[in-house]
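These are the residues of each chain, in order.
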Amino acid sequence: MSVLDSIIAGVREDLEGRRAQVPLSALERAVPASPAPLDPMPALRSDSLSVIAEVKRSSPSKGALAEIPDPASLARQYEAGGAAAISVLTEARRFHGSLSDLDAVRAQVGVPLLRKDFMVDEYQFLEARVHGASLVLLIVAALTDAELRRFLGLAGQLGLTALVEVHTDDEARRAVDLGAGLVGVNNRNLKTLDVDLANFGRLAGLLPDGTTRVAESGILSPDDARRVRDEGADAVLVGEALVRDGNPREAVAALRIP
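Everything numeric in this text was worked out from a predicted model, so none of it was measured.

(A) Focus on the environment of Ile 7. Its location among the elements puts Ile 7 in helix H1 (residues 3–21). Between the alpha carbons of Ile 7 and Lys 62 there is a distance of 15 Å; along the sequence they are 55 residues apart.

Right, here's the structure in full:
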């Protein structure tokens, strides 16, 4: 079993526990009373490189990164630094995140939030909507074309914006064929967990004009951000470098390359 398969197995198990407590029908009833999602696209298409700043305690590749006892405080610093959106990990086993983190951040910031998780079931999209997310992550490697098409449609119906993540040529072509308009190129190999920053440049050219391109993983400095900007990135998604920085506000601002 690959690392990705193992993570998804845990996600499905945890999902069933939440579903037992809050049935899908209850989430469906809660959607109309929830605030409308924010549109992240204008900020992600700004003239300077946009930053999706991540609240991230740990990862399968690096282990513990930061304790983050107050995710809302960190998110406020990201927002003050000019983050276009904030990504909040909600996967519990490998990333030590939760929907409670998403709730806490939503209550304190005014920018769009990405629910960063392994989305494999309709239930998770309703959760994201009710808990205040504006974006959801669709990982092409984890989904069939039929699932991707269905989840893209479901996200649209709920007013959510889908960030479609690819990390190989084939996945990039699949995303394009499905009409994805916001595509994240993950520089991390999901099988080995190795990072190759050159992956963004290789795949960015496969994405048609008009696609909003996000470079993910391996952005550790302004020089890295400048490199992917020069290769066509509209935005970067950064977690590790920001949560380990003593001044996340200034660290976000430094990544906003003109």
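From this point, the narrative continues.
(B) Quick look at the side chain of Glu 240. With respect to the helices, strands and loops of the structure, Glu 240 is situated in helix H11 (residues 240–243). We classify Glu 240 as buried; its relative accessible area is 15%. At 3.0 Å, the side chain of Glu 240 forms a polar contact with the side chain of Arg 244. Residues within four places of Glu 240 in sequence aside, it is in contact with Lys 62, Leu 65 and Leu 220.

(C) Here's a closer look at unusual backbone geometry. We note that Ile 68 has phi near 50 degrees; this positive angle belongs to a residue other than glycine. With respect to the helices and strands, the residue Ile 68 is situated in the loop between strand E3 (63–64) and helix H4 (71–80). Of the residues examined, Ile 68 reaches a relative accessible area of 9% and is grouped as buried. Its identity is not glycine, yet Ser 217 carries a phi of approximately 75 degrees, on the positive side. Along the chain, the position of Ser 217 falls in the loop between strand E9 (212–216) and helix H10 (222–230). Using a relative accessible area of 18% as the deciding quantity, one classes Ser 217 as buried.

(D) The arrangement of the nonpolar core in detail. The biggest cluster of nonpolar side chains holds 87 residues, and the ones touching the most others in it are Tyr 78, Ile 86 and Phe 125. Non-local contacts of Phe 125, meaning those with residues more than four positions away in its chain, are made with Met 119, Val 136, Leu 138, Phe 151, Leu 154, Ala 155, Leu 158 and Leu 160.

Definitions and cut-offs
- Residues numbered from 1 in each chain as written.
- Predicted model: local features only at pLDDT ≥ 70, side-chain atom pairs only at ≥ 80, totals over all residues.
- Heavy atoms only, no water.
- Helix = DSSP H or I, 4+ residues; strand = E, 2+ residues; numbered from the N terminus.
- Buried < 20%, exposed > 50% of the residue type's maximum accessible area, 1.4 Å probe, protein only.
- Polar contact = N/O pair within 3.5 Å; in protein donor to acceptor, adjacent residues only side chain to side chain.
- Contact = heavy atoms within 4.5 Å.
- Core = buried A, V, L, I, M, F, W, Y, C linked by side-chain atoms within 4.5 Å.

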